[in-house]
Amino acid sequence: LLVGAGPFNQVTRASFHAAIATAFRSITNKEIGTIAVAIPSDSPLSHESLVLAVTGGIAQGCINSGLYKSQQTRFVPELVQLVTSPNGVAVSAEHLHRGFVEAKAVTFARELVNLPPNDLFPESFAARAGASVKDLNCEIWDEARITSERLGAVLGVARGSNRPPRFVVMRYQNGGTTPPLALVGKGVTFDSGGLSLKTNDQMAD
């Protein structure tokens, strides 16, 4: 299966990722045991970017959002082989591992986004988040802890639901002497705000 990726000198990791995902969405409509992916040896991308684009694209192309369908509409192959040319660079185990980890994380995030709020609510979201990490210190704050920490905005939003709020704090503390990096995300599992302010066409998105 050949998929166009645009002008050669304008290929990016994102565009190559999209091309691989497009190919696998087409192929995995059928049950196929083994799929081989050719890794170009003369791409303008670095070897690491190529491997990450391929692994991420494969994961995105193999898995759809039909979480509750009784019959599969997409089939994950038993084996995917990455094929390089004789004069190409061998696929690095380190890059392959990183690609696998990234793909697994993105797939998990997509699943959380696609779950409906009767299945994914603050308590179940926090439980899934805690179960998903091994090397991180994870704290799950209940309503009493949130109140003691004076997180008024979280408590204010939570009053609009009969589900109690949760706040998840994860810490990775093996970074050595590197400066600390904090990522803050709004883990709202159901948000109806603003729909009445949008036009019909905008509400579809």
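The structure this text deals with has already been given above.
Below is a summary of the structure that appears in this document. (Residues numbered from 1 in each chain as written. Predicted model: local features only at pLDDT ≥ 70, side-chain atom pairs only at ≥ 80, totals over all residues. Heavy atoms only, no water.)

### Details of the packing of helix α2 (residues 47-62) against helix α3 (residues 93-114)
Condition: Each axis is a line fitted through C-alpha atoms, and for a helix only the stretch in contact is used; angles between axes span 0 to 180 degrees, taken between their N-to-C directions. Starting at the N terminus, helices and strands are each numbered in turn, a helix being any DSSP run of H or I of at least four residues and a strand any DSSP run of E of at least two. What makes a crossing left-handed is the near helix being turned counterclockwise from the far one by less than a right angle; a clockwise turn instead makes it right-handed. Contacts were defined at the residue level, with two residues in contact if any of their heavy atoms lie within 4.5 Å.
In the contact formed by α2 and α3, the axes pass within 8 Å of each other and the chain directions differ by 35 degrees. Our pair here, α2 against α3, has a crossing hand that is right-handed. Along the contact surface, α2 presents H47, E48, V51, L52, T55, G56, A59 and Q60, while α3 presents H95, L96, R98, G99, F100, E102, A103, T107 and R110.

### Focus on the nonpolar core
Spelled out, the test is: Think of a nonpolar core as a cluster: buried Ala, Val, Leu, Ile, Met, Phe, Trp, Tyr and Cys residues, connected wherever their side-chain atoms sit within 4.5 Å. Note on exposure labels: buried denotes an accessible area under 20% of the residue type's maximum, exposed denotes more than 50%, and partly exposed covers the range between, all computed with a 1.4 Å probe on protein chains only.
Among the nonpolar cores identified, the biggest contains 14 residues, and F16, I20, F24, V37, V54 and I58 are the most heavily contacted of them. Only α1 (13-27), β1 (34-39) and α2 provide two or more residues apiece to this core. Examining the composition of this core, we find that five residues originate from one element, α2, more than from any other. Excluding residues that lie within four positions of it along the chain, I20 makes contacts with V37, A53, V54, G57 and I58.

### Focus on the side chain of S124
This is how it is decided: A 3.5 Å cut-off defines polar contacts: any pair of N or O atoms within that distance qualifies, except that in protein one atom must be a possible hydrogen donor and the other a possible acceptor, and neighbouring residues in sequence count only when both atoms are side-chain atoms.
With respect to the helices and strands, the residue S124 is situated in helix α4 (residues 122-131). Of note is the side chain of S124, whose polar atom sits 2.8 Å from the backbone nitrogen of F121.

### Section: the packing of α1 against α2
Cut-off, in case you're wondering: All amino acids are sorted into three groups, where Ala, Val, Leu, Ile, Met, Phe, Trp, Tyr, Cys and Pro are nonpolar, Asp, Glu, Lys and Arg are charged, and the leftover types, Gly among them, are polar.
For the pair α1 and α2, interaxial distance at closest approach is 7 Å and the crossing angle is 35 degrees. Crossing hand, α1 versus α2: right-handed. Facing α1, whose interface residues are R13, F16, H17, I20, A21, F24 and R25, α2 presents S49, L50, L52, A53, V54, G56, G57, I58, Q60, G61 and C62. Residue classes in the contact of α1 with α2 are distributed as ten nonpolar, six polar and two charged.

### Digging into the pattern of salt bridges
As a reminder, the rule being used: Salt bridges are defined by distance alone: a side-chain nitrogen of Lys or Arg within 4 Å of a carboxyl oxygen of Asp or Glu.
Throughout the structure, instances matching the rule amount to six salt bridges. A salt bridge links R128 to E111; the nearest nitrogen and oxygen atoms lie 3.1 Å apart. Taken as a pair, R128 in helix α4 and E111 in helix α3 lie far apart in primary sequence, 17 residues in all. Relative accessible area serves as the criterion here: at 29%, E111 is assigned to the partly exposed category. One network of salt bridges, in which partners are shared, links R13, R98 and E102.

### Concerning the pairing of strand β2 (residues 79-84)
Spelled out, the test is: Two strands are said to pair when DSSP picks up at least two bridges between them. Handedness rule for crossovers: strands pointing away from the viewer, path from the first strand over the helix to the second running clockwise, crossover right-handed.
Strand direction decides the pairing type here: β1 and β2, joined by six bridges, are parallel. For V37, the partnering residue across the bridge sits in β2 and is L82. Between the parallel elements β1 and β2, the chain passes through α2 in a crossover that is right-handed.

### What about α1?
Selection rule: Multiplying one less than the number of residues by 1.5 Å gives the expected span of a helix.
End to end, α1 covers 21 Å across 15 residues, agreeing with the expected 21 Å (1.5 Å per residue, within 8%). Taken together, the buried positions of α1 are occupied by F16, A19, I20, A21, A23, F24 and I27. On its buried side, α1 packs onto β1, α2 and β2.

### Brief notes about the side chain of T55
One can find T55 in helix α2. T55 gets classed as buried once you look at its relative accessible area, which sits at 12%. Polar contacts involving the side chain of T55 include one to the main-chain carbonyl oxygen of V51, which spans 2.9 Å. Sequence-distant contacts of T55, that is, excluding residues within four places in its chain, are made with L96, G99, F100 and A103.

### So, α4
Residues of α4 that are buried: S124, A126 and A129. Close packing links the buried residues of α4 with β3 (137-141) and β4 (167-171).

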